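Structural characterization, general
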Amino acid sequence: MAPPDFPGGFHWPPRVIGFTLFLLSRNPGLKRDARQKGNAVNWYVAVLKNYAGFSGRAHRTEYWMFFLVNFVISVVLNILSTWAKVFSFIDLIYALAVLIPSIAVGVRRLHDTGRTGWWTLIGLIPIIGTIILIVFLATDGQPGDNEYGPNPKHAPAVA
């Protein structure tokens, strides 16, 4: 069976989602951590397993790998929703399912930089607030322990 054609003549290549996840999992430049196997999908699943954990600290790689995989899945679902309306519903369900884990990992990431989770609200300020929040999320965490817990770079393995 041939892959479906999208409006405007766009031809969807087969197995794009599987191939994208394969590329994400085989990234040789990804720094390996003792808690995670260095696989972007493992980072994503680890955040989903700790879906409502607002306490503690999140490693920078944990946040950005979750963001990357979440972004790829959202883009694929948005493209598919232009083709079939059922994917619009699936896209909405997915967005609602990852809302709490996204906020939780953002709060934990801010904790790693020594800031309270309330700083996430600065993202509501158009343009400037979003830029400030991205800078906070991209900065390296505080070395050693802080008021939110031990440094996640040196934390023991979590099963």
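Residues numbered from 1 in each chain as written. Predicted model: local features only at pLDDT ≥ 70, side-chain atom pairs only at ≥ 80, totals over all residues. Heavy atoms only, no water.

**Brief notes about the packing of aromatic side chains**
Taken as a whole and assessed by the stated rule, the structure comprises seven aromatic pairs. A ring pair is formed by tryptophan 64 and phenylalanine 67, whose centres lie 5.4 Å apart and whose planes are at 75°; its orientation type is edge-to-face. Placement of the pair is tryptophan 64 and phenylalanine 67 together in helix 3 (residues 60–83), with a separation of three residues, close to one helical turn. Summarising the aromatic geometry, the rings of phenylalanine 67 and phenylalanine 71 are spaced 6.3 Å apart at their centres and angled 10° between planes, so their arrangement reads as stacked. Of this pair, phenylalanine 67 and phenylalanine 71 are both found in helix 3, four residues apart, which corresponds to roughly one turn of the helix. Site record: aromatic cluster; members linked through ring pairs are Tyr63, Trp64, Phe67 and Phe71. The ring of phenylalanine 136 carries arginine 115 above its face, with NZ or CZ at 3.7 Å from the centroid. (Phe/Tyr/Trp six-rings, centres within 6.5 Å; stacked < 30°, edge-to-face > 60°. Helix = DSSP H or I, 4+ residues; strand = E, 2+ residues; numbered from the N terminus. Lys NZ or Arg CZ within 6 Å of the ring centre and 35° of its normal.)

**Comments concerning the packing of helix 3 against helix 6 (residues 128–138)**
Between helix 3 and helix 6, the shortest axis-to-axis distance is 9 Å and the interhelical angle comes to 130°. Relative to helix 6, helix 3 is oriented oblique. Contacts from Arg60, Tyr63 and Trp64 of helix 3 reach helix 6 at Ile134, Leu137 and Ala138. The residue inventory of the contact of helix 3 with helix 6, partitioned by class, reads five nonpolar, no polar and one charged. (Axes fitted to C-alpha atoms, helices over the stretch in contact; angles between N-to-C directions. Parallel < 35°, antiparallel > 145°, perpendicular 65-115°, else oblique. Contact = heavy atoms within 4.5 Å. Nonpolar A, V, L, I, M, F, W, Y, C, P; charged D, E, K, R; others polar.)

**Remarks on the pattern of salt bridges**
Pairing between side chains of opposite charge can happen when the charged atoms of each approach one another. Tallying each qualifying case throughout the model produces five salt bridges. Between aspartate 140 and arginine 60 there is a salt bridge, with the nearest N and O atoms lying 3.5 Å from each other. Of this pair, aspartate 140 sits in the segment after helix 6 while arginine 60 sits in helix 3; the two residues are 80 residues apart in sequence, bridging distant segments of the chain. Residue classification places aspartate 140 among the partly exposed positions, given a relative accessible area of 41%. (Salt bridge = Lys/Arg side-chain N within 4 Å of Asp/Glu carboxyl O. Buried < 20%, exposed > 50% of the residue type's maximum accessible area, 1.4 Å probe, protein only.)

**Examining the nonpolar core**
Among the nonpolar cores identified, the biggest contains 18 residues, and Tyr44, Phe66, Tyr94, Val105, Leu110, Leu133 and Leu137 are the most heavily contacted of them. For this core, the secondary-structure elements that each account for two or more residues are helix 2 (40–49), helix 3, helix 5 (99–112) and helix 6. Per-element tally for this core: the top contributor is helix 3, with five residues. If we skip the residues at most four places from it in the chain, leucine 137 touches Arg60, Tyr63, Trp64, Gly106, Arg109 and Leu110. (Core = buried A, V, L, I, M, F, W, Y, C linked by side-chain atoms within 4.5 Å.)

**Focus on the environment of alanine 58**
Relative to the helices and strands, alanine 58 resides in the loop between helix 2 and helix 3. The spacing of alanine 58 and threonine 113 is 55 residues in sequence and 9.3 Å in space, taken between C-alpha atoms. In this view, alanine 58 contacts Val105, Arg108, Arg109, Asp112 and Pro152; residues no more than four positions away in its chain are not counted.

**Considering unusual backbone geometry**
Most peptide bonds take the trans form, and the phi angle of most residues other than glycine is negative. A positive phi angle, close to 60°, is found at isoleucine 127, a residue other than glycine. Relative to the helices and strands, isoleucine 127 resides in the loop between helix 5 and helix 6.

**Topic: the packing of helix 3 against helix 5**
How two helices pack is summed up by the angle between their axes together with the distance between the axes. Two elements in contact, helix 3 and helix 5, have axes whose closest approach is 9 Å; the angle formed by their N-to-C orientations is 155°. What the angle tells us is that helix 3 and helix 5 run roughly antiparallel. Here helix 3 and helix 5 pass one another in a crossing that is left-handed. Across the interface between the two elements, Arg60, Glu62, Tyr63, Phe66 and Asn70 of helix 3 pack against Pro101, Ser102, Val105, Gly106, Arg108 and Arg109 of helix 5. Of the residues assigned to the contact of helix 3 with helix 5, the class counts are four nonpolar, three polar and four charged. (Left-handed = near helix turned anticlockwise from the far one by under 90°.)

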